[in-house]
Amino acid sequence: MKILVAHEGKQHSFKTAEALYSKGCLAQYITTIYDKPYSLTRIIKNLLWGKNKKKCSSHKSVKLPNDKVTQYCEFQALIRMLISKLPFLKKYNNKCYDWLHDNFGRKVAEYAVKNNVDAVIMYDTNANSCWKILKAKAPHIKRILDVTIGNRLYLKYIYERDATLYPETSIDIMEEQSEVFSLHNQVRLKEEITLSQYFLAGSNFVKESLEYSGVLSRQIFVVNYGVDLDKFVYTPKGFRKPLALLYTGNCSYRKGLHHLLNVIKCYSNSDIILYIAGGYDSNSSLYKKYSNDDRINFLGFVTHDVLHDIYKKSDVFVLPSLAEGFAMVSLEAMSEGLPVICTKNAGCNDIILDGKNGFIIDASDEDALKNRIDWFLNNSDKIPQMSIAAKKSVENHSWNDYGENLYNVITKIL
């Protein structure tokens, strides 16, 4: 088997490529920004320092030899990244994305045809132009779409529901997720789904979202993501006041942070403290409204070495997401002994046993979220046992397990 893996960004694609490389069936890993000798990325990295340098350095897999990595459209990707960071250029974001997607996809298709690979794995929103070319010129090459988040046609329904339930934040969520509501983007997504032959879904939530969008169940294969078990150290949990909750991820409405912050208002700072580890916009309504709240700590983007310390001083991991693929941070948190409160849309609910290693609630349900936080406050003696159960739950969810499951799926497809 010769499998080509191509992603403009990163996400879990390194792990996909590494898994196939370890089985001897990776034809090539193709990307844009990558820390490779003589690349623009390497030059820029050498000009950076601190967190930004660490973040740039993360665009590299230590398990893939450089000759297995090809870069296309690196300059375009850097320009796209710059545009996304500058508010006054925001209106060009979608056009820039399409420009990058299509140029990158064409080059991936050309490589696939030239090297006569058996299958190409690309990622949602990236694959349109590649799939069109392969269908026309090399229909024997299998087209496999790795869907990293709930399909956006389904997400539109979820966001509209949340906006109806909580009209005070409806404008904010519609604005933040404007790309989901774009008719142009919906047309591209429907086209991408129609052109794809098989789908890799990180969770059952993603599978459900694809079925909602018309994909047949037999085309979808659920492969949960993994965690580097050796990088996380289990810390036994007891109970201390205040109860320390941890949320990890960007401060966004998609991740349901507005619901968590609304619930935190119900507690005193002697009962609850919330750590928010993830990037935020200081001009956002979420940050402005709660930045001076002594129950809430906005930590900003943190590197993994700092995050370990935050895991140690936290008691419960909370992920109230409206939409995810499979939240890998939840596996990290569980590796360090944190029980989880998550929604049915978080992906990680696939491995949560209600009342054993955490709790599952409906998305957008603030009453249920408060009820589960209350449970931890009122059942402090259960936290140590739930902590142990959380740790045990991820023992069969290493990246090696992911690799074996992925290989078996690809073998079945081919």
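Rules behind the numbers
- Residues numbered from 1 in each chain as written.
- Predicted model: local features only at pLDDT ≥ 70, side-chain atom pairs only at ≥ 80, totals over all residues.
- Heavy atoms only, no water.
- Phe/Tyr/Trp six-rings, centres within 6.5 Å; stacked < 30°, edge-to-face > 60°.
- Helix = DSSP H or I, 4+ residues; strand = E, 2+ residues; numbered from the N terminus.
- Buried < 20%, exposed > 50% of the residue type's maximum accessible area, 1.4 Å probe, protein only.
- Lys NZ or Arg CZ within 6 Å of the ring centre and 35° of its normal.
- Core = buried A, V, L, I, M, F, W, Y, C linked by side-chain atoms within 4.5 Å.
- Contact = heavy atoms within 4.5 Å.
- Axes fitted to C-alpha atoms, helices over the stretch in contact; angles between N-to-C directions.
- Parallel < 35°, antiparallel > 145°, perpendicular 65-115°, else oblique.
- Left-handed = near helix turned anticlockwise from the far one by under 90°.
- Nonpolar A, V, L, I, M, F, W, Y, C, P; charged D, E, K, R; others polar.
- Pairing = 2+ DSSP bridges.

A short note on the packing of aromatic side chains
Here is step 1 of the chain: A complete count under the given rule lists 17 aromatic pairs for this structure.
Here is step 2 of the chain: Judged by centre distance (5.9 Å) and plane angle (45°), the rings of Tyr 154 and Phe 205 are tilted. In this pair, Tyr 154 sits in helix H7 (residues 152-165) while Phe 205 sits in helix H11 (residues 204-212), placing the two residues 51 residues apart along the sequence. Across the pair, Phe 205 and Tyr 154 agree in class, each one buried.
Here is step 3 of the chain: When the ring of Tyr 287 is compared with that of Phe 298, the centres are 5.0 Å apart and the planes differ by 75°; the resulting orientation is edge-to-face. Highlighted residues: Tyr 287 in helix H13 (residues 285-290) and Phe 298 in strand S10 (residues 296-300), separated in sequence by 11 residues.
Here is step 4 of the chain: Ring pairing ties together the aromatic residues Tyr 154, Tyr 157, Phe 205 and Tyr 212, which thus form one cluster.
Here is step 5 of the chain: A cation sits over an aromatic face here: Lys 23 above Tyr 407, 5.1 Å from the ring centre.
Here is step 6 of the chain: Directly above the aromatic system of Tyr 72 lies the positively charged group of Lys 107, at a separation of 5.8 Å from the ring centroid.

Brief notes about the nonpolar core
Generally speaking, a soluble globular protein has its nonpolar side chains buried in company with each other.
Here is step 1 of the chain: Of all hydrophobic cores here, the largest spans 53 residues; its most connected members are Val 5, Leu 20, Tyr 29, Ile 121, Leu 200, Leu 246 and Leu 406.
Here is step 2 of the chain: No other element matches helix H18 (residues 399-413), which puts six residues into this core.
Here is step 3 of the chain: With residues up to four places along the chain from it excluded, the contact list for Val 5 reads Ser 13, Thr 16, Ala 17, Leu 20, Leu 26, Gln 28, Tyr 29, Ile 30, Ile 121 and Tyr 123.
Here is step 4 of the chain: Counting 42 residues, the second-largest nonpolar core is a separate cluster that includes Leu 155, Val 316, Leu 377 and Ile 383.

Details of the side chain of Ser 252
Here is step 1 of the chain: One can find Ser 252 in the loop between strand S8 (243-248) and helix H12 (257-264).
Here is step 2 of the chain: Those residues in contact with Ser 252 that lie beyond four places of it in its chain are Glu 176, Tyr 247, Leu 257 and Leu 286.

Regarding unusual backbone geometry
Here is step 1 of the chain: Residue Tyr 38 is not a glycine yet carries a positive backbone phi of 70°.
Here is step 2 of the chain: Tracing the sequence through the fold places Tyr 38 in the loop between strand S2 (26-31) and helix H2 (40-45).
Here is step 3 of the chain: Under the relative-accessibility criterion, Tyr 38 is labelled exposed at 81%.
Here is step 4 of the chain: For Thr 125, which is not glycine, the phi dihedral falls at a positive 80°.
Here is step 5 of the chain: Within the element layout of this structure, Thr 125 appears in the loop between strand S4 (119-123) and helix H6 (128-137).
Here is step 6 of the chain: Classification of Thr 125 as partly exposed rests on a relative accessible area of 22%.

Focus: the packing of H12 against helix H16 (residues 366-378)
Here is step 1 of the chain: Contact geometry of H12 with H16 gives a least axis separation of 10 Å together with a crossing angle of 55°. With respect to H16, the element H12 is oriented oblique. Where H12 crosses over H16, the handedness of that crossing is right-handed. Taking contact as the criterion, the partners of His 258, His 259, Leu 260, Asn 262 and Val 263 in H12 are, on H16, Glu 366, Leu 369, Lys 370 and Ile 373.
Here is step 2 of the chain: Class assignment of the residues belonging to the contact of H12 with H16 gives a composition of four nonpolar, three polar and two charged.

Brief notes about the sheet that holds strand S7 (residues 220-222)
Here is step 1 of the chain: As summarised here, the arrangement of the seven strands in space is S3-S2-S1-S4-S5-S6-S7, forming an open sheet in which the pairing is parallel. Both outer strands of the open sheet, strand S3 (69-71) and S7, are each paired with one neighbouring strand and no more. Each adjacent strand pair in this sheet contributes to an overall mean axis angle of 25°, direction not counted.
Here is step 2 of the chain: Where strand S6 (residues 198-201) lies against S7, three bridges are found, and the strand directions are parallel. Paired with Ala 201 across the strands is Val 222, a residue of S7.
Here is step 3 of the chain: Sheet strands touched by H18: strand S1 (3-6), S4, strand S5 (142-147), S6 and S7. Its angle to S5, the strand with the most contacts, is close to 145°.

So far we have only geometry, and geometry alone does not tell us how the molecule works.
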